[in-house]
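This is what each chain is made of:
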Amino acid sequence: MTAISERQTTGTTAPAVGIDVTETAAQKAARYIWAAVRLALGWTFLWAFVDKVFGLGFATPAERAWIEGGNPTQGFLSGSEGPFAGFYHSLAGTGFANWAFMLGLLGIGLALTLGIGMRVAATAGAALYVMMWSVALPPQTNPFMDEHLITAAVMVGLALVGAGRTIGFGKVWEKLPIVQKQPWLK
């Protein structure tokens with residue numbers, strides 16, 4: 001025989017859906033820190049794109065600019081070492097690699113800066129960082145860990161915390177009918 005007892009509870013009901021729960025100062029600060037990290041990473045992607053297109057003399061000299069016939073992937077991929085060197089050497093400077101890399105930099109940079117498509121941007125950005133990590137294996141200063149893997153994890157974190165909703169268009173983006181029907185576009 002099973003005994004069933006009633007338990008009296010008071011004040012344990014969850015707030016109704018749609019009612020904002022007051023956030024703490026720490027939670028608000030965390031939202032803004034994640035947004036700042038998102039904007040900073042977005043800027044690094046956009047800047048890399050602009051510098052490689054126009055050869056502004058930072059990472060890319062003017063004579064190696066994409067608009068001057070330069071190959072954005074040639075230098076980095078042709079210097080590949082480690083177990084994937086052959087694969088990356090075969091991609092270095094190809095039209096496919098150049099276009100995929102440049103469109104990736106632009107798309108990820110715009111999505112992060114605007115706070116839209118965070119799931120796609122974080123996935124693509126993390127994949128790009130992991131691929132950059134695998135170009136130079138093993139890392140020089142650690143058996144396996146370097147800033148590329150750490151930044152890949154940060155990219156995933158940006159999507160998980162909804163960093164596009166603060167100082168970005170993420171809230172508006174997520175309400176679009178196509179995004180509502182295809183949640184992977186969030």
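Residues numbered from 1 in each chain as written. Predicted model: local features only at pLDDT ≥ 70, side-chain atom pairs only at ≥ 80, totals over all residues. Heavy atoms only, no water.

Student: Explanation requested: the overall build of the chain in the structure shown.
Tutor: Helices and strands together make up the secondary structure of the chain, namely eight helices and zero strands. Scanning the chain from its N terminus toward the C terminus, one meets helices and strands in the order α-α-α-α-α-α-α-α. Buried residues in the chain amount to 33% of all 186 residues. Pairs at least 24 residues apart make up 61% of the contacts formed inside the chain by residues separated by at least 6 positions. With the model as given, the accessible surface of the chain reaches about 12000 Å², and the carbon-plus-sulfur share is 66%. (Helix = DSSP H or I, 4+ residues; strand = E, 2+ residues; numbered from the N terminus. Buried < 20%, exposed > 50% of the residue type's maximum accessible area, 1.4 Å probe, protein only. Contact = heavy atoms within 4.5 Å. Areas by Shrake-Rupley, 256 points an atom, 1.4 Å probe, with all protein chains shown as cover.)

Student: Looking at this model, I keep getting lost on the pattern of salt bridges. Mind explaining?
Tutor: Think of it this way: side chains of opposite charge can pair up when their charged atoms draw near. Evaluated as defined, the whole model comprises two salt bridges. Here Arg31 and Glu23 are joined by a salt bridge, their closest N and O atoms 2.8 Å apart. For Glu23, a relative accessible area of 32% puts it in the partly exposed group. (Salt bridge = Lys/Arg side-chain N within 4 Å of Asp/Glu carboxyl O.)

Student: What should I look at first to understand the nonpolar core in this one?
Tutor: Nonpolar side chains tend to gather and get buried jointly when the protein is soluble and globular. In terms of nonpolar packing, the biggest core is built from 19 residues, with Phe45, Leu105, Leu112, Met155 and Leu158 touching the most fellow members. Within the residue set of this core, elements represented by two or more residues are α1 (25-54), α4 (95-114), α5 (118-135) and α6 (147-160). No other element matches α4, which puts six residues into this core. (Core = buried A, V, L, I, M, F, W, Y, C linked by side-chain atoms within 4.5 Å.)

Student: What is the right way to look at the side chain of Thr166 in this model?
Tutor: Locating Thr166 in the fold gives a position in the loop between α6 and α7 (170-174). On the basis of relative accessible area, Thr166 is assigned to the buried category, the value being 5%. Dropping the residues within four chain positions of it, Thr166 is found in contact with Arg31, Tyr32, Ala35 and Arg38.

Student: I keep staring at α6 and nothing clicks. Help me out?
Tutor: Owing to its 3.6 residues per turn, the α-helix aligns residues three or four sequence positions apart on the same side. When the terminal C-alpha atoms of α6 are compared, their 20 Å separation across 14 residues agrees well with the 20 Å that a helix rising 1.5 Å per residue should span. Those residues of α6 that fall on the buried side of the exposure criterion are His148, Leu149, Thr151, Ala152, Met155, Gly157 and Leu158. Tucked into the core, α6 has its buried residues touching α1, α4 and α5. Its side-chain oxygen 2.9 Å from the backbone nitrogen of His148, Asp146 forms the N-cap of α6. Looking one or two places after α6, you find Gly162, whose phi comes out positive at around 70°. (Expected span 1.5 Å × (residues − 1). Polar contact = N/O pair within 3.5 Å; in protein donor to acceptor, adjacent residues only side chain to side chain.)

Honestly, that's just the spatial picture; any functional story needs more than this.
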